[in-house]
Amino acid sequence: MVDAAAAIPRRVRATAAAMDLLRRLRGLHGPLMLHQSGGCCDGSAPMCYPAGEFVVGDRDVLLGLLDLRLLVDELPDTAPEPDDIAPVWISGPQFAAWQHTQLVLDVVPGRGSGFSLESPEGFRFLSRGRVFEQAELLALATVDTVTGAGWERGERPAPPTQPQVVAEAADACPVPGRGTSQNTL
């Protein structure tokens, strides 16, 4: 029998390079959080902040909790300490438009937004995306999302059953007929 929880895909994954940069930023700034920008003055870049320095709205949706202890294809053996977690949020209206897509956090050379912590590091975070397959969408429909209001009430997502870290973005969001992914959100 297949465990139903194992069939629920992650809404957010990260490349090894993105996780390395997040760990470096955590060492410099302490606990972190990310918010997928809605496209205002900073475009649609994922923004990295010190935990608590960006006000999460009641209707923002938690895409997932990145466990900064993990490497490629690892699952946690123990629950992470709070400082090891980087929550990834998205606005409610943007989630409504992207709920069919798995966000893959990646990094590329360049200067990030002036508001995001990676800005002076010579890299910027980039969202790549993979459209969920029909079976994945059906599985996701069986679980409730955690909103900012739910988070404040103590709601938390179920522990992961699938690895969150991939070596390269193409490992999570391949483009048919190509060796690397060019899907960006």
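Computed from a predicted model, the values in this text were never measured in an experiment.

Draft legend 1. Molecular detail of the side chain of Arg128. By the element assignment, Arg128 lies in strand 7 (residues 123-131). Only 2.7 Å separates the side chain of Arg128 from the side chain of Asp106, close enough to count as a polar contact.

Draft legend 2. Structural view of the nonpolar core. Core analysis: the largest hydrophobic core is formed by 26 residues, its most contacted members being Leu22, Leu34, Cys48, Leu66, Leu105 and Phe125. Of all the secondary-structure elements, those providing two or more residues to this core are strand 1 (12-15), helix 1 (16-29), strand 2 (32-36), strand 4 (61-67), strand 5 (85-90), helix 2 (92-98) and strand 6 (101-109). With five residues, helix 1 is the single largest residue contributor to this core. If we ignore the near neighbours within four places in the chain, the residues touching Leu22 are Leu32, Leu34, Cys48, Leu66, Leu68, Leu105 and Phe125. Residues Met33, Tyr49, Leu62 and Trp89 belong to the second largest nonpolar core, which totals six residues.

Draft legend 3. Fine view of the pattern of salt bridges. A complete count under the given rule lists seven salt bridges for this structure. Among the ionic pairs, Arg23 bridges to Asp20, the shortest N-O distance being 2.7 Å. Of this pair, Arg23 and Asp20 both sit in helix 1, separated by three residues, roughly a single helical turn. By relative accessible area, which is 44% here, Asp20 ends up partly exposed. Its salt-bridge partner being Glu155, residue Arg153 comes within 2.9 Å of it at the nearest N-O pair.

Draft legend 4. Inspection of the environment of Ala139 at higher detail. One can find Ala139 in helix 3 (residues 134-140). In this structure Ala139 comes out as buried when scored by relative accessible area, which is 12%. Counting along the chain gives 130 residues from Ala139 to Pro9, while the straight-line C-alpha distance between them is 7.7 Å. Excluding residues that lie within four positions of it along the chain, Ala139 makes contacts with Ala7, Ile8 and Pro9.

Draft legend 5. Here's a closer look at the sheet that holds strand 4. Across the sheet, five strands lie side by side as 3-2-5-4-8; this open sheet has mixed pairing. Unpaired on one side and paired on the other, strand 3 (46-50) and strand 8 (146-147) mark the two borders of the sheet. Pairing analysis gives six bridges linking strand 4 to strand 5, with the strands arranged antiparallel. Paired with Leu62 across the two strands is Trp89, which belongs to strand 5.

Draft legend 6. Summary view of unusual backbone geometry. With a phi close to 65 degrees, Asp73 is a non-glycine residue in the positive phi region. Its location among the elements puts Asp73 in the loop between strand 4 and strand 5. Given a relative accessible area of 56%, Asp73 falls into the exposed group.

Parameters and conventions
- Residues numbered from 1 in each chain as written.
- Predicted model: local features only at pLDDT ≥ 70, side-chain atom pairs only at ≥ 80, totals over all residues.
- Heavy atoms only, no water.
- Helix = DSSP H or I, 4+ residues; strand = E, 2+ residues; numbered from the N terminus.
- Polar contact = N/O pair within 3.5 Å; in protein donor to acceptor, adjacent residues only side chain to side chain.
- Core = buried A, V, L, I, M, F, W, Y, C linked by side-chain atoms within 4.5 Å.
- Buried < 20%, exposed > 50% of the residue type's maximum accessible area, 1.4 Å probe, protein only.
- Contact = heavy atoms within 4.5 Å.
- Salt bridge = Lys/Arg side-chain N within 4 Å of Asp/Glu carboxyl O.
- Pairing = 2+ DSSP bridges.

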